[in-house]
Amino acid sequence: MDNIRILTEGDSSLLIQFGDEISPHINARISAVVKLLKNCQIEGVVDLIPSYTALLINYNPLVIHYGDLKKRVEEILKMDVKGDASAKKVVEIPVLYGGDAGPDLKNIAEHAGLTEQEVIDIHSSRDYLIYMLGFLPGFCYLGGLDERIHTPRLANPRLKIREGSVGIGGNATGIYPMDSPGGWQLMGLTPVKTFDPSREVPILLNAGEYIRFIPIDEAEFKRIRAEVEAGTYQVIVHEGKEES
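All of these numbers come straight from a predicted model, not from anything done at the bench.

## Concerning the packing of helix α3 (residues 105–112) against helix α4 (residues 116–123)
Item 1. Where α3 contacts α4, the two axes come as close as 8 Å, and the packing angle between them is 90°. In terms of orientation, α3 and α4 fall into the roughly perpendicular class. Of α4, the residues touching α3 (which contributes Leu105, Lys106, Ile108 and Ala109) are Glu116, Val119 and Ile120.

Structure, rendered in structure tokens:
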């Protein structure tokens, strides 16, 4: 199991620590273990919560004892938990950049010494790995933001940021899944709901997947938003192999 450690977290949780480094390699291993655990359907396991370097397993101690769960986990970890490095699921997230949708795009461009269009081109030129979810339901912690557009958070956070806002905070980029306070620099807005409690599966995105931001114009934004509201919009997903 290499450097993987199993730790006790309270009286109803078990923590699998995969390492101390934030990396796609460790994230792939965590995603692989999550998939194996779900396939095993261990009775008494209540929830699986992946983070940057660990996986928290919440369980019902009245259904399964810690020792029994630990043995099951150890058996799974002896299997191939390296993850399929060639597998890649990319979800397209359309974004209307700038203007009222992205009031801080000018700030980001000025900080980077670039034009606003150059910032948009850079931001939408790569796929971002979803390391984990947290902070808010459906909020994704993404990896891979180009260093050229790293931008400090606002000195005075906003009391309310619109649902779907796409922003940059330091070396991170992400999407606000609901209206909330926040201090990130806002560069755009997506019409897609990454969290919708009325859906059968409320959270659209999962750890281990990738996001690809797609620039759209206002007309396309309105068209997609109408489909989202009608419940007919289908996100575009690409599944294939990682580039070597």
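## Section: the side chain of Thr151
Item 1. Looking at the element boundaries, Thr151 is found in the loop between β7 (140–143) and β8 (158–161).
Item 2. Judged by relative accessible area, which is 2%, Thr151 ranks as buried.
Item 3. Within the structure, the side chain of Thr151 is placed 2.9 Å from the backbone oxygen of Ile149, a separation counted as a polar contact.
Item 4. Each residue touching Thr151, except ones within four places of it in the same chain, is listed here: Ile108, His111, Ile168, Gly169, Gly170 and Gln185.

## Some thoughts on the pairing of strand β6 (residues 127–133)
Item 1. Counted residue by residue, β6 has five buried out of seven residues, so it is predominantly covered.
Item 2. In this sheet, strand β13 (residues 210–216) lies alongside β6 in antiparallel orientation, the contact comprising three bridges. Bridge pairing links Tyr128 to Ile211 in β13.
Item 3. Alignment of β6 against β7, held across four bridges, turns out to be antiparallel. Across the sheet, the residue bridging to Leu133 is Cys140, located in β7.
Item 4. Joining the antiparallel neighbours β6 and β7 is a turn of six residues, in which Phe135 adopts a positive phi near 70°.

Conventions adopted
Each chain has its residues counted from 1, running along the sequence as written. Per-residue local features of the predicted model are confined to residues with pLDDT of at least 70, and side-chain atom pairs are confined, for both listing and counting, to 80 or more; whole-chain, interface and lining totals are unaffected and use all residues. Side-chain measures here rest on the full set of heavy atoms in the structure, leaving out hydrogens and waters. With axes taken as lines fitted to C-alpha atoms, and helix axes fitted only over the stretch in contact, angles between N-to-C directions fall between 0 and 180 degrees. Helix and strand assignments follow DSSP, with helices taken as H or I runs no shorter than four residues and strands as E runs no shorter than two, numbered in order from the N terminus. By definition in this entry, angles of less than 35 degrees are roughly parallel, angles greater than 145 are roughly antiparallel, angles of 65 to 115 are roughly perpendicular, and the rest are oblique. In what follows, residue pairs with any heavy atoms lying within 4.5 Å of each other are defined as contacts. Working definition: with a 1.4 Å probe on protein chains only, accessible area under 20% of the residue-type maximum means buried, over 50% means exposed, and in between means partly exposed. The term polar contact refers here to a pair of N or O atoms within 3.5 Å; inside protein, the definition further demands a hydrogen-donor-capable atom paired with an acceptor-capable atom, and it admits residues adjacent in sequence only when both atoms are side-chain atoms. Following DSSP output, two strands are said to pair if at least two bridges run between them.

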